[in-house]
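Descriptive analysis of the structure
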Amino acid sequence: MQQTNRFDLQSVRLHAETQPNPHNRRNPIATPSSIPPKPMPTSTSQNKSHVSLRWARLIRRAVLGGCVVASTSSMSVASANEPATSEPASSWTQFHGPSSYGDAGTGTLPSTWTEDDYAWKTQLNARHVGSPVVAGNQVFLLDTATDPADKSMKLDLVSIDASTGEVLWRRSHPFEERHRHSRNTAASSTPVVHEGHVYFAYGDAKHAELLAYDMKGEPVWSRDLGPWSGVHGFGASPVVIDSKLLLFNDQQSKSLEAWQTPGKSSMLAFDPKTGETIWETPVTSTRPSYGVPTTDGKQLICASTGDGVFGLDPENGKMLWSIKVFNKRCCSSPLVVGDLAIGTCGSGGGGNYLSAVRIPKNASDQPTEAFRITTAAPYVPTPAVKDNLMFLISDNGIATCIDWQNDGKKVWSKRLGGNFGASPIIIGNQLLAISLDGTAHVIPASDSPSGAKSFDLGGPVGATPAFTDGRLFLRINDELCCLKTQ
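Residues numbered from 1 in each chain as written. Predicted model: local features only at pLDDT ≥ 70, side-chain atom pairs only at ≥ 80, totals over all residues. Heavy atoms only, no water.

**Brief notes about the pairing of strand β21 (residues 340-345)**
Formally: Only protein chains enter the accessibility calculation, which uses a 1.4 Å probe; a residue whose area is less than 20% of its type maximum is buried, one above 50% is exposed, and one in between is partly exposed. Numbering goes from the N terminus for both helices and strands, where a helix is a DSSP run of H or I of at least four residues and a strand is a run of E of at least two. When DSSP finds two or more bridges between a pair of strands, those strands are recorded as paired.
Taking burial as the measure, the six residues of β21 include six buried ones, the bulk of the element. Residues Leu340, Ile342 and Thr344 point to one face of β21 and Ala341, Gly343 and Cys345 to the other, with burial holding for every one of them. Here three bridges tie strand β20 (residues 335-337) to β21, and the two strands are oriented antiparallel to one another. Residue pairing for β21: Leu335 is matched across the bridge by Ile342. Linking β20 back to β21 in an antiparallel pair, the connection comprises two residues, with Gly338 at a positive phi of about 60°. Where β21 meets strand β22 (residues 353-358), six bridges bridge the pair, whose relative direction is antiparallel. Looking at the pairing, Ala341 lines up with Val357 of β22.

Below, the structure written as structure tokens:
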């Protein structure tokens with residue numbers, strides 16, 4: 001795989017004039033593990049006195065699972081003197097929210113709303129499935145643009161003022177189109193924000209790339225990850241866990257088109273500040289899986305077609321265990337609830353199922369499948385979790401509530417209709433699920449769906465919404481819409 005040691009500032013602009021940096025050049029023979037990327041000037045992030053999101057997430061998982069967090073160096077609670085992240089605790093800084101459960105915590109969501117209820121709507125260039133994230137008063141998402149000079153495509157990282165909807169800046173990158181699934185789009189990845197920097201990934205016909213910017217839109221570093229292979233197109237999103245920037249670079253090696261080269265898959269860990277590779281772990285290549293890695297507080301938990309559900313040592317990337325429970329593609333992100341790692345697999349032709357795996361407690365234990373759900377299981381949407389309840393939205397429009405603490409026992413099921421790609425989220429005591437055609441379903445996030453409401457948002461939705469500080473951010477068709485709920 002190749003590494004980029006340059007940042008082309010001609011393609012990084014606020015639709016205004018900038019000058020190229022002559023000191024950065026691409027090294028065509030460098031690999032991600034060999035030569036560190038050249039750092040760019042960065043802004044200093046401000047410290048705030050709150051417990052970091054990572055520790056808050058670990059504490060929440062421990063309480064949810066009824067377990068006690070061990071007092072070790074890797075699991076201790078951050079002290080008041082520990083440097084904190086620059087993002088407020090309420091921010092939605094990664095795919096599916098700060099806990100990965102899709103649960104915004106406190107908040108109030110109206111049962112219905114109309115266009116007149118939006119605080120603002122911002123026009124984007126195209127409809128895409130990449131989700132927005134929010135840090136402080138900035139919303140970040142990916143978009144595309146067409147260069148009027150030569151009609152070439154650009155992939156844009158966009159920063160938007162969360163209060164007003166004003167576009168603060170756009171940073172553009174050359175993008176060469178490739179074949180992809182009809183429901184996938186060029187801007188398919190979700191950024192992640194951590195300690196004053198925003199990270200995102202994309203893949204085009206030439207390569208996959210991972211990039212870092214500061215909150216003002218200044219480039220920090222970039223990594224060229226080399227060729228990427230997959231007939232459905234790119235869709236991996238980065239995440240920061242235990243001060244490491246992770247990207248699941250899963251690629252296709254089977255069922256390829258004649259012109260495609262089999263890809264080599266790996267889990268990659270980078271230093272968020274410099275972009276240097278910390279470790280790289282090869283994994284089994286079959287077909288791309290798009291789930292964002294998560295953690296049980298001690299190890300990284302991942303899911304893919306080739307290796308099933310598996311755990312990695314966060315320090316060195318060593319694969320600690322795996323259990324091959326999937327026979328189809330994994331698109332949703334794995335979740336950790338209690339001592340269970342939960343993932344799903346499926347296909348456009350059906351046969352979807354959810355597998356709950358008991359995480360080994362020590363090196364001598366073996367992972368076991370605790371339960372499996374084969375009826376109305378999701379393929380693309382990631383489930384949402386609130387306490388002992390897990391809410392599944394199948395791709396063909398069936399909502400199911402299960403009790404994950406009770407072997408996945410079904411609590412209720414409700415047919416919504418339509419097709420789904422966006423993942424459900426929970427705001428207060430309400431579950432929000434939005435179909436691809438833009439029908440919003442607001443359902444009680446409880447043991448009964450009684451009182452559920454459905455209404456039309458006025459345009460297609462493929463991106464998972466974000467919620468923070470009383471504001472819901474929805475990507476509807478080619479607009480970003482902000483609903484102020486309080």
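**As for the sheet that holds β21**
Short version of the rule: In this description, a line fitted to the C-alpha atoms serves as the axis of each element, helices being fitted only across the stretch in contact, and the angle between N-to-C directions of two axes falls anywhere from 0 to 180 degrees.
An order of β20-β21-β22-β23 is seen for the four strands of this open sheet, with the pairing classed as antiparallel. Among the strands making up the open sheet, the edge pair consists of β20 and β23 (368-373). Taking each pair of neighbouring strands and ignoring which way they run, the sheet shows an average axis angle of 25°.

**A word on the environment of Lys324**
Put simply, the rule is: Here a residue-residue contact requires only that any non-hydrogen atoms of the pair lie within 4.5 Å.
Here Lys324 lies in the loop between β19 (319-323) and β20. In sequence terms Lys324 and Val309 are 15 residues apart; their C-alpha atoms lie 6.5 Å from each other. Sequence-distant contacts of Lys324, that is, excluding residues within four places in its chain, are made with Gly306, Asp307 and Gly308.

**Observations concerning the pattern of salt bridges**
When their charged atoms lie close together, side chains carrying opposite charge are able to pair. Short version of the rule: A carboxyl oxygen of Asp or Glu within 4 Å of a side-chain nitrogen of Lys or Arg is what we treat as a salt bridge.
Summed over all chains, the structure comprises ten salt bridges. Where Asp242 meets Lys244, a salt bridge forms, and the shortest distance between an N and an O atom there is 3.8 Å. Since its relative accessible area comes to 24%, Asp242 is described here as partly exposed. Three or more residues are tied together by salt bridges with common partners; here these are Asp143, Asp156, Arg170 and Arg475.

**Some words on the packing of aromatic side chains**
Here is the rule: Geometry of aromatic contacts follows a simple scheme: Phe, Tyr and Trp rings, the Trp one being its six-membered ring, pair when their centres are within 6.5 Å, and the pair is stacked under 30 degrees between planes, edge-to-face over 60, tilted otherwise.
Taken as a whole, this structure holds nine aromatic pairs when the rule is applied. Considering the side-chain rings of Tyr199 and Trp221, the 6.0 Å spacing of their centres and the 40° angle between planes classify their relative orientation as tilted. On the criterion of sequence distance, the pair formed by Tyr199 in strand β9 (residues 197-203) and Trp221 in strand β11 (residues 219-224) is long-range, its members being 22 residues apart. Of the residues examined, Tyr199 reaches a relative accessible area of 1% and is grouped as buried. Pairing Phe200 with Tyr213 gives two aromatic rings, centres 6.3 Å apart and planes at 20°, and the pair type is stacked. Placement of Phe200 in strand β9 and of Tyr213 in strand β10 (residues 208-214) is noted, with a sequence separation of 13 residues between them. Classification of Phe200 as buried rests on a relative accessible area of 0%. Its relative accessible area of 0% is what places Tyr213 among the buried residues. Following the ring pairs from residue to residue traces out a cluster consisting of Phe140, Trp169, Phe200 and Tyr213.

**Concerning unusual backbone geometry**
The phi torsion at Ala376 lies on the positive side, around 55°, for a residue other than glycine. Position of Ala376 among the secondary structure elements: in the loop between β23 and β24 (384-386). Ala376 gets classed as buried once you look at its relative accessible area, which sits at 17%. Positive phi, normally seen in glycine, also occurs at Asp407, with a value near 55°. Tracing the backbone through its elements, the reader meets Asp407 in the loop between β26 (398-403) and β27 (409-415).

**Points about the side chain of Thr305**
Applied cut-off: In protein, a polar contact means a hydrogen-donor-capable atom and an acceptor-capable atom, both N or O and within 3.5 Å, with residues adjacent in sequence counting only if both atoms are side-chain atoms; elsewhere, any N or O pair within 3.5 Å suffices.
Tracing the backbone shows Thr305 in the loop between β17 (300-304) and β18 (308-312). We classify Thr305 as buried; its relative accessible area is 11%. Within the structure, Thr305 has its side chain in polar contact with the backbone oxygen of Lys328 (distance 2.9 Å). Non-local contacts of Thr305, meaning those with residues more than four positions away in its chain, are made with Thr286, Arg287, Ser289, Phe326, Lys328, Arg329 and Cys330.

**Side note on the environment of Ala341**
Among the structural elements, Ala341 can be located in strand β21. In this structure, the C-alpha to C-alpha distance between Ala341 and Gly311, residues 30 residues apart in sequence, is 9.5 Å. Setting aside residues up to four positions removed in sequence, Ala341 forms contacts with Ile301, Val309, Leu335, Ser355, Ala356, Val357 and Ile359.

**Some points on the sheet that holds strand β25 (residues 389-393)**
Across the sheet, four strands lie side by side as β24-β25-β26-β27; this open sheet has antiparallel pairing. Strand pairing shows two members of the sheet lacking a second neighbour, β24 and β27, which therefore form its edges. Between one strand axis and the next, the sheet turns through 20° on average, direction left out of account. Two strands pair when backbone bridges link them, and β25 and β26 are joined in this way by five bridges, in the antiparallel orientation. Bridge assignment links Met390 to a residue of β26, and that residue is Ile402.

**Observations regarding the nonpolar core**
This is how the line gets drawn: Here, nonpolar core means buried Ala, Val, Leu, Ile, Met, Phe, Trp, Tyr and Cys residues that are tied together by side-chain atoms lying within 4.5 Å of each other.
Counting 31 residues, the largest nonpolar core has Trp113, Leu432, Leu457, Leu472 and Phe473 as the members making the most contacts within it. Look past the residues within four positions of Phe473 in its chain and what remains in contact with it is Trp120, Pro132, Val134, Val139, Ala162, Pro465, Ala466, Thr468, Leu480, Cys481 and Cys482. Grouped together as the second largest cluster of nonpolar side chains are 20 residues, Val192, Ala208, Val240 and Tyr379 included.

**Let's talk about the pairing of strand β29 (residues 430-434)**
Burial within β29 is extensive, with five of its five residues counted as buried. By the bridge criterion, three bridges tie strand β28 (residues 425-427) to β29 in an arrangement that is antiparallel. Within β29, the position partnered with Ile425 by the bridge is Leu432. Counting the residues that bridge the hairpin from β28 to β29 gives two residues, and of these Gly428 lies at a positive phi of roughly 60°.

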